[in-house]
Each structure stands twice: as C-alpha cells, then as structure tokens.
Amino acid sequence: MRQVINGTLIWYSYICDREVWFIGHGIEPPQDNPFLEKGRAIHELFYVEQTKEILIDNTIKIDLIRGREVVAEIKSSSKHLKSAIMQLAFYLYYFKKEKGVLLKGRLNIPTEKKTYEVELDESMEKEIEDRIKYIESILSAPKPPVVIKNPYCKNCAYKEMCWG
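The rules behind each value
Residues numbered from 1 in each chain as written. Predicted model: local features only at pLDDT ≥ 70, side-chain atom pairs only at ≥ 80, totals over all residues. Heavy atoms only, no water. Buried < 20%, exposed > 50% of the residue type's maximum accessible area, 1.4 Å probe, protein only. Helix = DSSP H or I, 4+ residues; strand = E, 2+ residues; numbered from the N terminus. Pairing = 2+ DSSP bridges. Polar contact = N/O pair within 3.5 Å; in protein donor to acceptor, adjacent residues only side chain to side chain. Contact = heavy atoms within 4.5 Å. Phe/Tyr/Trp six-rings, centres within 6.5 Å; stacked < 30°, edge-to-face > 60°. Lys NZ or Arg CZ within 6 Å of the ring centre and 35° of its normal. Axes fitted to C-alpha atoms, helices over the stretch in contact; angles between N-to-C directions. Parallel < 35°, antiparallel > 145°, perpendicular 65-115°, else oblique. Nonpolar A, V, L, I, M, F, W, Y, C, P; charged D, E, K, R; others polar. Expected span 1.5 Å × (residues − 1).

**Q** Explain the pairing of strand S3 (residues 70-74) here, please?
**A** The side chains of a regular strand alternate between both faces of the sheet. Among the five residues in S3, five count as buried, and that is most of the element. Taking every second residue as pointing to the same face, both faces of S3 are buried, with Val70, Ala72 and Ile74 on one and Val71 and Glu73 on the other. Two elements, S3 and strand S4 (residues 104-109), share five bridges in a ladder whose sense is parallel. In the strand pairing of S4, Ile74 is matched with Asn108.

Structural data, given as structure tokens:
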C-alpha cells in the first residue's frame, strides 16, 4: 500500500528523517509539547476572520485561503524557512497536478511580521518530486532511521523517543 504524502511529511523531511518515519507510521508526539502549543495558538490568534485549516481530498490541509489565487501557510517563525517554503510549494504542486489549477502561495509569519511569496517553477517541481520519492523510501523502511543529532532535537516533540 502506498503512503499518502502530505505537506507535514514534506515539511519534516527537511528537518529529520525519524520524524518523517514516526508521522508516516501514525506515531504522534505528546501533544502538550510547548512548541506544538505555540503553533496552535498562533493559528487561533491570527487571521480570526478567515477560513483556516481546510482539508482537501483528505490529503492536504491548507492553513488559509485568500480569494482564489493564494494558498497561504502560517508558521510561528522563520527558523525552518526552507521547510515551510517547500511545504507550501508541495500544496501548489498538488493543486497543479491533481486539480489542474495554478495558484500562487504566500507564507505568513505573523509573529515576525514577515511574508514570503512562493510560486511553483520547474526546479521546485523537480525538488518536490525528488522529495516525495525520498519520503517514500523512508516510510517503506520497517523501522525508523538511525538517530542523528541535529540543532532541532532540543525542541523536538519526539525528543524522548530518540534520546529518552
């Protein structure tokens, strides 16, 4: 059975392969992690008047849609900027490939008052396609990849599963 690749897996694939494996196998971190709570709070506090977290085809969850041209993603900081941009690019890729619709993206970081425009181009499409294959290879493994310490481990919700 082929695993459905979603934006969360794309995002984590730029951070940690073990997180990809855990998420892809339905292993959730403790939900009381302060960094997860911060992300949820930002979603609740900002953009109150707009439709948020729209599930499409039971596959992708868009944080925010403005009009018909923009898919927006909301993040709590620009610390993982590459991951966030590629997650948004994956949504644009999905709309193009699955729906035949070309959209533009906007990455919003309200706590930093920053906005990044994202447009899907050929190089991004290729990177998304390569990343999907990479994620599939991680998920097909019978156990998670070996632990590799990186700067993100300190605040990771899965920290106890790797280092506990």
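Let's pick the thread back up.
**Q** Please clarify how the side chain of Ser13 should be interpreted in this entry.
**A** Checked against the element boundaries, Ser13 lands in helix H1 (residues 7-13). Judged by relative accessible area, which is 5%, Ser13 ranks as buried. Among the polar contacts listed, one links the side chain of Ser13 to the backbone oxygen of Ile10, at a separation of 2.7 Å. Aside from chain neighbours lying at most four places away, what touches Ser13 is Val20, Arg131 and Ile135.

**Q** Just checking my understanding: could you explain the packing of aromatic side chains for this structure?
**A** What describes a pair of aromatic rings is the distance from one ring centre to the other and the angle between the planes of the rings. Under the definition given, this model contains five aromatic pairs. Aromatic pair Trp11 and Tyr12: ring centres 4.8 Å apart, planes at 85°, arrangement edge-to-face. Just as Trp11 is buried, Tyr12 falls in that class too. Measuring from centroid to centroid gives 6.5 Å for Tyr94 and Phe95, while their planes differ by 85°, and the two rings are edge-to-face. Judged by its relative accessible area of 10%, Phe95 falls in the buried class. An aromatic cluster is present here, built from Trp21, Phe22 and Tyr158 joined pairwise through their rings. Its end group placed over the ring of Tyr14, Arg131 keeps NZ or CZ at 3.8 Å from the ring centre.

**Q** Is there a simple way to explain the packing of helix H4 (residues 81-99) against helix H5 (residues 122-139) in this structure?
**A** Each pair of packed helices can be summarised by the angle the axes make with each other and by the distance between the axes. Packing of H4 against H5 leaves a shortest axis separation of 10 Å and a crossing angle of 95°. One finds that H4 runs roughly perpendicular with respect to H5. Here H4 contributes Lys82, Ile85, Met86, Ala89, Phe90, Tyr93, Lys96 and Lys97 to the contact with H5, which in turn contributes Met124, Glu125, Glu127, Ile128, Glu129 and Ile132. In terms of residue class, the contact of H4 with H5 is made up of eight nonpolar, no polar and six charged.

**Q** Would you mind going over the environment of Met161 with me for this structure?
**A** Among the secondary structure elements, Met161 is positioned in helix H6 (residues 159-163). When its relative accessible area of 38% is taken as the criterion, Met161 is described as partly exposed. Sequence separation of Met161 and Arg18 is 143 residues, and the distance between their C-alpha atoms is 9.8 Å. Each residue touching Met161, except ones within four places of it in the same chain, is listed here: Arg18, Phe22 and Ile27.

**Q** How should H4 be read in this particular structure?
**A** Helical periodicity: at 3.6 residues per turn, an α-helix aligns residues three or four positions apart in one direction. The end-to-end C-alpha separation of H4 is 26 Å, in line with the 27 Å expected for 19 residues at 1.5 Å each. At the exit of H4 stands Gly100, carrying a positive phi of roughly 70°.

Read these as spatial facts, not as claims about activity.
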